[in-house]
Amino acid sequence: MREASIGASEVKSAAVDGDFLIEQVTRQLVTIPVGTLGADGSFERGTNILPTVNAPVFAVLPKTINQVYTSFAEGDFSLGQLSLLPDQEAKMNLDAFLGRHAAILGQTGGGKSWTVASILQKIAAFPQSTVLLLDLHGEYSKAFGDNAEVISAADIEMPYWLMNAEELLGLMIDRAESSAPNQNAKFKELLQAAKENHPENVALGLEKITIDTPVYFDLDSIIQEFKRLDTEMQPKAAGSGLKQGPLYGQFTRLLMRLESRLNDRRYDLIFKPKTYNTSGSMDDLFRKVLGEEPSNRKKIVVLDLSPVPFDVRGSLISLTLRCLFDFSYWHSRVNGERYPIAIFADEAHIYLSDASSDQAPRESAERIAKEGRKYGISLTVISQRPREMSSTILSQCGSFLCLRISNPDDQAYVRNLLPDSIRGITSMFSSLRRGEAILIGDSMMMPTRIKVDRPDPTPNSNDASFVKLWSNDPSDLDVAAVLDAWRNQKVVE
Ligand SMILES: Nc1ncnc2c1ncn2[C@@H]1O[C@H](COP(=O)(O)OP(=O)(O)OP(=O)(O)O)[C@@H](O)[C@H]1O
Ligand SMILES: [Mg+2]
């Protein structure tokens, strides 16, 4: 609604002339047609009749508003209350929110992590739900109580043998090298043999094992063979003496690259699995990641990625996401029914960015965003930097839950992701209070401003209070304990 009042210049000239001005306000109402209320009170989205100029306007009663929101919601899932009508639950369609993927956007401190905790606590109220939360700062370990299994990424193993051939090649081969085609061909050949010949895999009785079949193989035997070929000498055809073998020197750089990875302790959870080092152990690994261990069933699995360094984190995330995608694909194929998995990726701009040097996590996530709907695997990305996020993922999102965004460039970026008719709403982003959000898209009847319910317990993401902490009496700082934890990469209790 726009109001035009008397301008300052008119007031001034009237004062000079000694005139008296009567305030004449012009009111303009901009309307967006949302849906149609039937005579029986039923509500339908969309309309085929538009109001004309001078048509009467009525305020809608709370009862009708409730009807409108409820008719659209699937189940009784509510995010909080409407900001404009505090008694009205903000009912939303969770199927649409998850099924068509979502983005939770807002500037730092806007309340994203709290919102995620609040949503997941509600999701955990379902008797059987499956959520994987990628937690970059270790904020959520206490947010879900008994409903969650918190796995430290430093403890979970995502073994190399789960990688498909493409992912393994990506780790080993530098395509710029002239010997890359030879390395590529030889690696595939050795990988095929290593998987086929491993006694455990033979016993699995699979009809066909390919280089992508997720079964255990011994990486070391492949490395030994590379070493042999790299230094192989053959007898000369005529006469005495030796000459270099056909692949002599072709693998020197590959071996160097591979060995530096293998010797890098940070990669032990990928290259030196202690728990998951047989094809049979894959069952346990998936049960753990999905929270489906029979004696310890959990609805939410929090993968705490804070203890692992950046590059390892990328490999870990990409492998986890790809494996979950494949799992839900095959689950649908086997059972004809889906096993819904919701993945929540906090701080997604860090590892799902278009500009990141490690493209693997983004590619795995994009695949879920593009094809996951069909198999019941959903991705919700959470980010304070929408401009740095993968544009493919954002454009696949059917719902946007936007918290406070005051940066005009970020606002403009989000505006471009929205349908034309509701782009104007982005101007409200900067007026949102903490914990207030506007939900836009498939999952809500109409763009709605919501006061998101406070999570209980809250995630550990409070602002540091300088004033409070600096007001304490000075005490001795335990530097050693901090350094010790830093060096150990864990808090020793
Ligand atoms: N629904 C809410 N009700 C009351 N206070 C809230 C709410 N949501 C957030 N806050 C306040 O805002 C602070 C920051 O919230 P939160 O950690 O969720 O921000 P964030 O958007 O995740 O920030 P970052 O991008 O830095 O991770 C919280 O510590 C809390 O004090
Ligand atoms: Mg956060």
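Residues numbered from 1 in each chain as written. Chains lettered and ligands numbered in written order. Predicted model: local features only at pLDDT ≥ 70, side-chain atom pairs only at ≥ 80, totals over all residues. Heavy atoms only, no water.

A short note on the domain arrangement of the protein chain
The line we're drawing: Domain limits in this description derive from either an automatic procedure or a database domain assignment. The contact criterion used is simple: two residues touch if any of their non-hydrogen atoms lie within 4.5 Å. Put simply, buried area is the surface a 1.4 Å probe can reach on two separate parts but cannot reach once they are joined, added for both. What makes a salt bridge here is a side-chain nitrogen of Lys or Arg within 4 Å of a carboxyl oxygen of Asp or Glu, nothing more.
Here the protein chain is partitioned into domain 1 (82-155 + 300-464 + 477-493) and domain 2 (160-272). On a C-alpha basis, the centroid separation for the pair domain 1 and domain 2 is 38 Å. Contacts between the two partners involve 11 residues from domain 1, matched on the other side by 8 residues from domain 2. Among the residues of domain 1 in contact with domain 2, Val 312, Leu 319 and Arg 322 are the three that bury the most area, contributing 48% of the side total. Taken together, the connections running from domain 1 to domain 2 amount to 1 salt bridge.

Notes on the state of the cysteines
Here is the rule we go by: Two cysteine sulfur atoms form a disulfide, by the criterion used here, when they sit within 2.5 Å. The cut-offs for exposure are 20% and 50% of the maximum accessible area for each residue type, with area from a 1.4 Å probe on protein chains only; residues under the lower value are buried, those over the upper are exposed, and the others partly exposed.
In the structure shown here, the tally under the stated rule is 0 disulfides. Unpaired in terms of disulfides, Cys 397 finds its nearest cysteine sulfur in Cys 402, a separation of 10 Å. Judged by relative accessible area, which is 0%, Cys 402 ranks as buried.

Re the UniProt feature "domain: Helicase HerA central" (unreviewed entry) in the protein chain
Threshold: UniProt positions are given in the numbering used here, feature names are shortened, and annotations may be inferred rather than shown by experiment. Strands here mean DSSP runs of E at least two residues long; helices mean DSSP runs of H or I at least four residues long; both are numbered from the N terminus.
Residues annotated in UniProt with the feature "domain: Helicase HerA central" (unreviewed entry) correspond here to residues 83-321. Within the segment residues 83-321, helix and strand shares are 42% and 13% respectively, and the terminal C-alpha atoms sit 36 Å apart.

Some words on the side chain of Thr 213
Quick reminder of the rule: Each polar contact in these results corresponds to two N or O atoms within 3.5 Å; when the atoms are within protein, one needs to be able to donate a hydrogen and the other to accept it, and residues that are neighboring in sequence are counted only if both atoms are side-chain atoms.
Turning to its location among the elements, Thr 213 is positioned in the loop between α7 (199-204) and α8 (219-231). For Thr 213, a relative accessible area of 13% translates into the label buried. Looking at Thr 213, its side chain comes within polar contact range of the main-chain nitrogen of Thr 210, at 2.7 Å. Aside from chain neighbours lying at most four places away, what touches Thr 213 is Lys 195, Leu 206 and Lys 208.

A look at the packing of aromatic side chains
Aromatic ring pairs: the centre-centre distance and the angle between the two ring planes describe each pair. We count it as follows: Any Phe, Tyr or Trp ring, taking Trp's six-membered ring, that has another such ring centre within 6.5 Å forms a pair; planes under 30 degrees apart are called stacked, those over 60 apart edge-to-face, and the others tilted.
Here the structure, examined in full by the defined rule, presents 15 aromatic pairs. Each ring, one from Phe 77 and one from Phe 126, has its centre 6.5 Å from the other, and the planes form 5 degrees; the classification is stacked. With a gap of 49 residues between them, Phe 77 in the loop between α2 (62-72) and β5 (78-82) and Phe 126 in the loop between α4 (112-123) and β8 (131-135) connect regions that are remote in the sequence. When its relative accessible area of 37% is taken as the criterion, Phe 126 is described as partly exposed. An angle of 20 degrees between the planes, with centres 5.3 Å apart, marks the rings of Phe 286 and Phe 327 as stacked. With Phe 286 in helix α11 (residues 282-290) and Phe 327 in helix α12 (residues 310-335), the pair connects residues that are 41 residues apart, well separated along the chain. Since its relative accessible area comes to 11%, Phe 286 is described here as buried. Grouping aromatic residues by their ring pairs yields a cluster made of Tyr 160, Trp 161, Tyr 216, Phe 217, Tyr 267 and Phe 271.

What to know about the sheet that holds strand β15 (residues 341-345)
The following threshold applies: Strand pairing follows a simple DSSP-based rule, namely that at least 2 bridges must link the two strands. To obtain each axis, a line is fitted to C-alpha atoms, and for helices this fit is confined to the stretch in contact; angles are then taken between N-to-C directions over 0 to 180 degrees.
With mixed pairing, 11 strands are arranged side by side in an open sheet as β6-β5-β19-β18-β17-β7-β16-β15-β8-β14-β9. At either margin of the open sheet sits one strand with a lone partner, and together these are β6 (89-91) and β9 (148-152). Strand-to-strand twist of the sheet, defined as the mean angle between neighbouring strand axes without regard to direction, takes the value 25 degrees. Both β8 and β15 contribute to a ladder of 4 bridges, which runs parallel. Counterpart to Leu 134 in the pairing with β15 is Ala 345. Packing against the sheet, α2 makes contact with β5, β6 and β19 (448-452), and its axis sits at approximately 30 degrees to β6. Set on the sheet, α11 makes contact with β8, β9, β14 (300-304) and β15; between it and β14 the angle comes to about 100 degrees.

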